[in-house]
Amino acid sequence: DAGVIQSPRHEVTEMGQEVTLRCKPISGHDYLFWYRQTMMRGLELLIYFNNNVPIDDSGMPEDRFSAKMPNASFSTLKIQPSEPRDSAVYFCASSRSSYRHEQFFGPGTRLTVL
Amino acid sequence: KNEVEQSPQNLTAQEGEFITINCSYSVGISALHWLQQHPGGGIVSLFMLSSGKKKHGRLIATINIQEKHSSLHITASHPRDSAVYICAVNPGNYGGSQGNLIFGKGTKLSVKP
């Protein structure tokens, strides 16, 4: 398996633009997680899905952020409109069913909002 | 106060030294994870444990549920072990936990040759 795939790897955009980050989890994994990493706050959970259904989105910063998982092999995280404070590395991770399985992380998307 | 605290924040060691990184947490958990983040940014899961001890090569992870504390040990450290080590927990009780992780701020390890 290729592991968790994220695209793009790097994104530079201007304030106010829409940004869409994409994730393909490992086949057979039922859980998908979106995390954000910044120098100030470290790693934080944004939202996670189980069997394509959002379970906990309490970490989504505000209405500008939205996430979808239309099927078991694809998820998106959208920011509209983007702001400079959204600059961070966004990681997607997946795990097999059951919370007690290790999570496999994608390579991350480094987002810079100018 | 953060729910997951790691110490030290930064650690410099000489090649061959025995290294210990500590993690304390204040919430009930069902599992604790140790992750490794290399300078390139990629994150790899090293261990997931809910009791006792696990060993993989030169790495050993222990957890004491009663004391809400875990340690990650590296024996015979090597420059390639230089990375950020992150402790994370699944909050909740064993029978009905959540899938998400709460992270510590990480420990930056630098091993000098």
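Residues numbered from 1 in each chain as written. Chains lettered and ligands numbered in written order. Predicted model: local features only at pLDDT ≥ 70, side-chain atom pairs only at ≥ 80, totals over all residues. Heavy atoms only, no water.

Participant: It is not clear to me how the overall build of chain B should be interpreted in this structure. Could you clarify?
Facilitator: Across its full length, chain B carries 0 helices and 11 strands. Across chain B, helices and strands are ordered from the amino to the carboxyl terminus as β-β-β-β-β-β-β-β-β-β-β. The C-alpha atoms of chain B give a radius of gyration of 14 Å, which matches the 13 Å a tight globule of 113 residues would have. Dimensions along the principal axes, computed over C-alpha positions, put chain B at roughly 45 × 25 × 25 Å. For chain B, the proportion of its 113 residues judged to be buried stands at 49%. (Helix = DSSP H or I, 4+ residues; strand = E, 2+ residues; numbered from the N terminus. Rg over C-alpha atoms; globule rule 2.2 N^0.38 Å. Buried < 20%, exposed > 50% of the residue type's maximum accessible area, 1.4 Å probe, protein only.)

Participant: Just to check I follow, could you spell out the sheet that holds strand β8 (residues 74–79) of chain A for this structure?
Facilitator: The strands that make up a sheet pair up through hydrogen bonds in the backbone, lying either parallel or antiparallel. Residue and element names in this part refer to chain A. A sheet is described by the order of its strands in space; here 4 strands give the open sequence β1-β3-β8-β7, paired in antiparallel fashion. The open sheet has two free edges, formed respectively by β1 (5–7) and β7 (65–71), since each of these has just one partner strand. Sheet twist, expressed as the average angle between the axes of neighbouring strands with direction ignored, equals 15°. Strand direction decides the pairing type here: strand β3 (residues 19–24) and β8, joined by 5 bridges, are antiparallel. When the sheet's bridge partners are listed, Thr20 is paired in β8 with Lys78. (Pairing = 2+ DSSP bridges. Axes fitted to C-alpha atoms, helices over the stretch in contact; angles between N-to-C directions.)

Participant: Would you explain the environment of A:Phe49 in this entry?
Facilitator: Residue and element names in this part refer to chain A. Note that Phe49 resides in strand β5 (residues 42–50). Each C-alpha atom, one on Phe49 and one on Gln80, is 21 Å from the other, the two residues being 31 residues apart in sequence. Not counting chain neighbours up to four residues away, the residues in contact with Phe49 comprise Asp30, Tyr31, Leu32, Trp34, Pro54, Ile55, Ala67, Lys68, Met69 and Ser75. (Contact = heavy atoms within 4.5 Å.)

Participant: What is the right way to look at the pattern of salt bridges in this model?
Facilitator: As a working rule, side chains carrying opposite charge can pair if their charged atoms are close by. Residue and element names in this part refer to chain A. Within the structure shown, the criterion is met by 9 salt bridges over all chains. For Asp86, the salt bridge is made with Arg64, and the minimal N-O distance between the two is 2.7 Å. Remark: Arg64 occurs in the loop between β6 (53–56) and β7 and Asp86 occurs in the loop between β8 and β9 (88–95); sequence separation between them is 22 residues. Owing to a relative accessible area of 1%, Asp86 belongs among the buried residues under this scheme. The network of salt bridges with shared partners includes Glu62, Arg64, Glu83, Arg85 and Asp86. (Salt bridge = Lys/Arg side-chain N within 4 Å of Asp/Glu carboxyl O.)

Participant: Which parts of the structure should I look at to understand the state of the cysteines?
Facilitator: A covalent bond between the sulfur atoms of two cysteines is referred to as a disulfide. As enumerated under the stated definition, the model contains 2 disulfides over all chains in all. The disulfide that involves A:Cys23 links it to A:Cys92, with 1.9 Å between the sulfurs. Its S-S torsion of approximately -65° makes the covalent link between A:Cys23 and A:Cys92 left-handed. Placement of A:Cys23 in strand β3 and of A:Cys92 in strand β9 is noted, with a sequence separation of 69 residues between them. Each member of the pair A:Cys23 and A:Cys92 is classed as buried. Disulfide pairing places B:Cys23 opposite B:Cys87 at an S-S distance of 2.0 Å. Measuring handedness by torsion sign, the sulfur bridge of B:Cys23 and B:Cys87 sits at about -65° and is left-handed. In this pair, B:Cys23 sits in strand β3 (residues 19–25) while B:Cys87 sits in strand β9 (residues 83–91), placing the two residues 64 residues apart along the sequence. (Disulfide = S-S within 2.5 Å.)

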